Structures are given as structure tokens and as C-alpha cells.
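# Structure assessment
Here is how the chains run, residue by residue.
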Amino acid sequence: LEREDIVELLNDFREYLGGMLPDLEKAVAASDFAAIRSLTHALKGSSGNLRISDIYEVAKKMQDASETKQAAVLKSLMSEMKHHGERFMAESQAL
């Protein structure tokens, strides 16, 4: 891929992540395990395709925790996801 294509993919992911994190946070706060599972599955796939491993790993853990309905674990992982998401947003804007 050319640099401009990579930048476009990362910009698209940044936009997607910015819209999705609030939805995920609401689902975690409401212990909506089906929504969490769906959102983290999509996030895991998109971050994995782009090799954004820190977000991928947390999304995988969140998906697993949603399947076993571990609300306390999900709240902790949500904090971690927000941290990684904010870091990605800041670092990717410099491109």
C-alpha cells in the first residue's frame, strides 16, 4: 500500500473508533452483554486487520468477558480500551 492509502485506512478507523467507543461504554455501563459482544467482535476484526494490537487484545478480552457475563471485568477493560483508544486517536492524528 502507498502511504496515502495507509493514512486513509487509519483515518477511517479513527472515525469508526470515535463513534463506537461511546456506544461500547454505554453497553458496558448497562451490562448489555449482547451489545458488548457485537461491538467488540467488530472492533476486534477491524483493529486486527490493521494490526492495531493493543486495541485488538483488549477487544478480544472484552468479547470473552461478555460471553461469560463478567460485568466487573468489562468495566475494568473499558478503562483500558479508552486509554488505548485515546492514545491511538492522538498518535494517528500526527500522520
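Scroll up to find the structure.
One structure accompanies this document, and this report is about it. (Residues numbered from 1 in each chain as written. Predicted model: local features only at pLDDT ≥ 70, side-chain atom pairs only at ≥ 80, totals over all residues. Heavy atoms only, no water.)

## Looking at the overall build of the protein chain
A count of helical and extended segments in the protein chain gives four helices and zero strands. Secondary structure elements in the protein chain, listed N-terminal to C-terminal, are α-α-α-α. Against the 2.2 N^0.38 benchmark of 12 Å for 95 residues, the protein chain shows a C-alpha radius of gyration of 13 Å, consistent with a compact globule. Viewed in the frame of its principal axes, the protein chain has a C-alpha envelope of about 40 × 20 × 20 Å. The buried share of the protein chain, reckoned over its 95 residues, is 36%. (Helix = DSSP H or I, 4+ residues; strand = E, 2+ residues; numbered from the N terminus. Rg over C-alpha atoms; globule rule 2.2 N^0.38 Å. Buried < 20%, exposed > 50% of the residue type's maximum accessible area, 1.4 Å probe, protein only.)

## Here's the deal with the packing of helix 2 (residues 33–49) against helix 3 (residues 53–67)
Each packed pair of helices is defined by two parameters, the angle between the axes and the distance between the axes. Where helix 2 meets helix 3, the axes come as close as 8 Å, and the angle between the chain directions of the two elements is 155°. Considering the angle they form, helix 2 stands roughly antiparallel to helix 3. Classified by chirality, the crossing of helix 3 by helix 2 is left-handed. Residues Phe 33, Ile 36, Arg 37, Thr 40, His 41, Leu 43, Lys 44, Ser 47 and Gly 48 of helix 2 lie in contact with helix 3, whose contacting residues are Ile 55, Tyr 56, Ala 59, Lys 60, Met 62, Gln 63, Ser 66 and Glu 67. (Axes fitted to C-alpha atoms, helices over the stretch in contact; angles between N-to-C directions. Parallel < 35°, antiparallel > 145°, perpendicular 65-115°, else oblique. Left-handed = near helix turned anticlockwise from the far one by under 90°. Contact = heavy atoms within 4.5 Å.)

## A look at unusual backbone geometry
Its identity is not glycine, yet Ser 31 carries a phi of approximately 50°, on the positive side. For Arg 51, which is not glycine, the phi torsion reads 60° and is therefore positive. Tracing the chain through its elements places Arg 51 in the loop between helix 2 and helix 3.

## Here we look at the pattern of salt bridges
On inspection of all chains with the given rule, the structure shows four salt bridges. With a closest N to O distance of 2.9 Å, Lys 82 and Glu 25 form a salt bridge. Of the two residues, Lys 82 is situated in helix 4 (residues 71–93) and Glu 25 in helix 1 (residues 3–29); the sequence distance between them amounts to 57 residues. Classification of Lys 82 as partly exposed rests on a relative accessible area of 30%. Measuring nitrogen to oxygen at the nearest pair gives 3.6 Å for the salt bridge that ties Glu 91 to Arg 87. You can see Glu 91 and its partner Arg 87 sitting in helix 4, four residues apart, about one turn around the helix. In this structure Glu 91 comes out as exposed when scored by relative accessible area, which is 52%. (Salt bridge = Lys/Arg side-chain N within 4 Å of Asp/Glu carboxyl O.)

## Re helix 3
Taking 1.5 Å per residue as the helical rise, helix 3 with its 15 residues ought to reach 21 Å, and the 21 Å between its terminal C-alpha atoms agrees with that figure. Taken residue by residue, helix 3 has Asp 54, Ile 55, Val 58, Ala 59, Met 62, Gln 63, Ala 65 and Ser 66 as its buried positions. Down the axis of helix 3, the smallest arc covering the buried residues is 165°, so these residues share one side. Of the residues trailing helix 3, Lys 69 is marked for its positive phi of about 55°. (Expected span 1.5 Å × (residues − 1). Arc of directions from axis to C-beta.)

## Observations concerning a negative patch on the surface
Among the surface-exposed residues, Glu 2, Glu 4, Glu 8, Asp 12 and Glu 15 lie close enough to one another that they form a single negatively charged patch. Inspection of the secondary structure puts Glu 4 in helix 1. (Patch = residues over 30% accessible without salt bridge, like charges linked within 9 Å, V, L, I, M, F, W, Y side chains within 5 Å. Areas by Shrake-Rupley, 256 points an atom, 1.4 Å probe, with all protein chains shown as cover. Lys, Arg positive; Asp, Glu negative; His and termini not counted. Charge placed at Lys NZ, Arg CZ, Asp CG, Glu CD.)

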